[in-house]
Amino acid sequence: MNTIEIIETKRQINLKETLFSGQTFRWEPLEIDSSTYISMIGNTHIQLQQISNNKIRLCSSSPLIDGQKPTVFFNEYCSLDIDERLCFSEEFRRVYPVVSQLAEPYMGVRVLRLNAFETLITFMCAQAIGMNLIRKQIRTICNRFGERHMTEIDGNPLIQYSFPSPETLAAASPQDLRICTNNNCERASNIISAARAVAEGRLCMDELINNELSLGSIRNSLTAYRGIGLKIADCVMLFGLHRHDAFPIDTHVRQYLGKWFGLEKTQKALTPKTYIELQHQVSEILNPENAGYAGHILFHCWRNEVRHMNSF
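These lines cover the structure that appears in this document, whether it is placed above or below. (Residues numbered from 1 in each chain as written. Predicted model: local features only at pLDDT ≥ 70, side-chain atom pairs only at ≥ 80, totals over all residues. Heavy atoms only, no water.)

**Considering the overall build of the chain**
Helix and strand counts for the chain come out as 15 helices and seven strands. Overall, the chain is about 55 × 45 × 35 Å in size when its C-alpha atoms are taken along their principal axes. Counting the 312 residues in the chain, one finds 52% classified as buried. A total of about 14400 Å² of accessible surface is found on the chain, and carbon and sulfur atoms cover 47% of it. Each charge class in the chain was averaged separately, 32 positive and 33 negative side chains, and the resulting centres sit 6 Å apart. (Helix = DSSP H or I, 4+ residues; strand = E, 2+ residues; numbered from the N terminus. Buried < 20%, exposed > 50% of the residue type's maximum accessible area, 1.4 Å probe, protein only. Areas by Shrake-Rupley, 256 points an atom, 1.4 Å probe, with all protein chains shown as cover. Lys, Arg positive; Asp, Glu negative; His and termini not counted. Charge placed at Lys NZ, Arg CZ, Asp CG, Glu CD.)

**Considerations on the packing of aromatic side chains**
Centre-to-centre distance and the angle between the planes together describe a pair of aromatic rings. Throughout the structure, instances matching the rule amount to 13 aromatic pairs. Ring plane angle 15° and centroid distance 5.8 Å describe the contact between F123 and F239, whose orientation is recorded as stacked. Of this pair, F123 sits in helix 5 (residues 116–125) while F239 sits in helix 12 (residues 230–240), and the two are 116 residues apart along the sequence. For the pair shown, F123 and F239 are each scored as buried. Here Y256 and W260 contribute two aromatic rings whose centre-to-centre distance is 5.4 Å and whose plane-to-plane angle is 35°, an arrangement assigned as tilted. Here Y256 pairs with W260, and both are found in helix 13 (residues 251–261), just four residues apart, close to one helical turn. Comparing Y256 with W260 shows no difference in burial state: the two are buried. (Phe/Tyr/Trp six-rings, centres within 6.5 Å; stacked < 30°, edge-to-face > 60°.)

**Re the environment of F239**
Classification of F239 as buried rests on a relative accessible area of 3%. Separated by 143 residues in the primary sequence, F239 and Y96 place their C-alpha atoms 26 Å from one another. If near-sequence neighbours (up to four positions away) are discounted, F239 is found in contact with Q23, V111, L112, R113, L114, T119, F123 and H296. (Contact = heavy atoms within 4.5 Å.)

**Examining the environment of G67**
Counting through the fold element by element, G67 comes out in the loop between strand 5 (55–60) and helix 2 (70–77). What makes G67 exposed here is its relative accessible area of 64%. Separated by 25 residues in sequence, G67 and G42 place their C-alpha atoms 9.8 Å apart.

**Structural notes on the sheet that holds strand 4 (residues 44–52)**
Read from one edge to the other, the open sheet built from five strands follows the order 1-5-4-3-2, with strand pairing classed as antiparallel. Two strands close off the open sheet at either side, each with one partner strand: strand 1 (3–8) and strand 2 (28–30). Ignoring strand direction, the axes of neighbouring strands in this sheet form an average angle of 30°. Sheet topology places strand 2 next to strand 3 (residues 33–41); three bridges connect them, and they run antiparallel. Residue pairing across strands places L30 opposite D33, the latter belonging to strand 3. (Pairing = 2+ DSSP bridges. Axes fitted to C-alpha atoms, helices over the stretch in contact; angles between N-to-C directions.)

**A few points about the pairing of strand 3**
Relative to strand 4, strand 3 runs antiparallel, the two being bridged by six bridges. Among the inter-strand pairings, T36 is bridged to a residue of strand 4, identified as Q49. Between strand 3 and strand 4, which pair antiparallel and follow one another directly, the connecting turn spans two residues, one of which, G42, has a positive phi of 65°.

Written as structure tokens, this is what we have:
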């Protein structure tokens, strides 16, 4: 690692809770120091260590990360332009004091701005399986289809693999890819189909990163492809297309919407109609502009504080 930066932030950030909150699955603790986390962004090795609540040590194998200086990249990656306090209004804190108190320790969870294609494939893999298995599947995809890169940390060699390109996954066979999808051949076929759409330009992820587009129009563009439902599309919008107003609803979210906010529709089957109706109700509880950001904090809080699911 030849580039080292000490980054001081104005916003709260809890590095461990952020990286292991179910939005990205490629960060790993360093074997020789479990308080340091490693991953690859593009073809660049990244190493992050939390020094204090507002100070991060960043090491990288390149002076630029995704074409940006490390500090600029980190601020963008961790959405440090977003004031997490604005996600929950004073009225919210007054009406839901118990939820606010539970969520307070998780205000340092940042919603990351991730690569759109990587996010798409990740959440297509992540349907109805646990976090540890998702992490294993994504690691397998990178190891089998990504490019091999080597660097050194304190004189020790470190081998990591980049996330495969759309063209690489588009050329894979379902039989080869199914080992990365828990032997689900249909899911592998769907991933290949989506990768081909991106590789051929029929699904342009860069064009979807546009705040002028409505959530509905982006969702329609994504759900036109097999294997991409409403929840996956909303996860892609929130984490990969950087739309903090997108609000994914899964089992855990539905549970906390019922338990904490008393939404009766959570008792119904999560049909597309119910899904959209719940989102409309959420927009009346949370700030619509940052509903997804707030929702992710609440999701992580629910899993830890109520369900005691601390493994990611």
